[in-house]
Amino acid sequence: MATPVTPDEANEAIRAFMAARAGRGLWSDEQAEYERLLAEWAAAVRIGMNC
């Protein structure tokens, strides 16, 4: 995770990522990127809950 983001920003990144791949499954490298984005979102949610 390069920079902290808000949960909304992370969620938007996930939505854009998935929209670009609509109608098909994820390839191996895409699955890894999706999991990275999901971890970024989860971290942003945890940080937001600790404020």
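Residues numbered from 1 in each chain as written. Predicted model: local features only at pLDDT ≥ 70, side-chain atom pairs only at ≥ 80, totals over all residues. Heavy atoms only, no water.

A. Just the environment of Glu30, in detail. Position of Glu30 among the secondary structure elements: in helix H2 (residues 28–49). On the accessibility criterion, Glu30 (8% relative accessible area) is buried. As a C-alpha pair, Glu30 and Ile14 span 16 residues in sequence and 12 Å in three-dimensional space. Those residues within four positions of Glu30 in sequence are excluded, and the remaining contacts are Phe17, Arg21, Arg24 and Gly25. (Helix = DSSP H or I, 4+ residues; strand = E, 2+ residues; numbered from the N terminus. Buried < 20%, exposed > 50% of the residue type's maximum accessible area, 1.4 Å probe, protein only. Contact = heavy atoms within 4.5 Å.)

B. Structural context of the environment of Gln31. Along the chain, the position of Gln31 falls in helix H2. Each C-alpha atom, one on Gln31 and one on Met49, is 27 Å from the other, the two residues being 18 residues apart in sequence.

C. Region of interest: H2. For H2, spanning 22 residues, the distance from its first C-alpha to its last is 32 Å, which sits close to the expected 32 Å at 1.5 Å a residue. Where H2 is concerned, the buried positions are Glu30, Leu37, Glu40, Ala43 and Ala44. The arc that holds the buried residues of H2, viewed along the axis, is 145°, so those residues lie on one side. Facing away from the buried side of H2 by more than 90 degrees, the exposed set consists of Ser28, Arg46 and Met49. Here the buried face of H2 lies against helix H1 (7–19). (Expected span 1.5 Å × (residues − 1). Arc of directions from axis to C-beta.)

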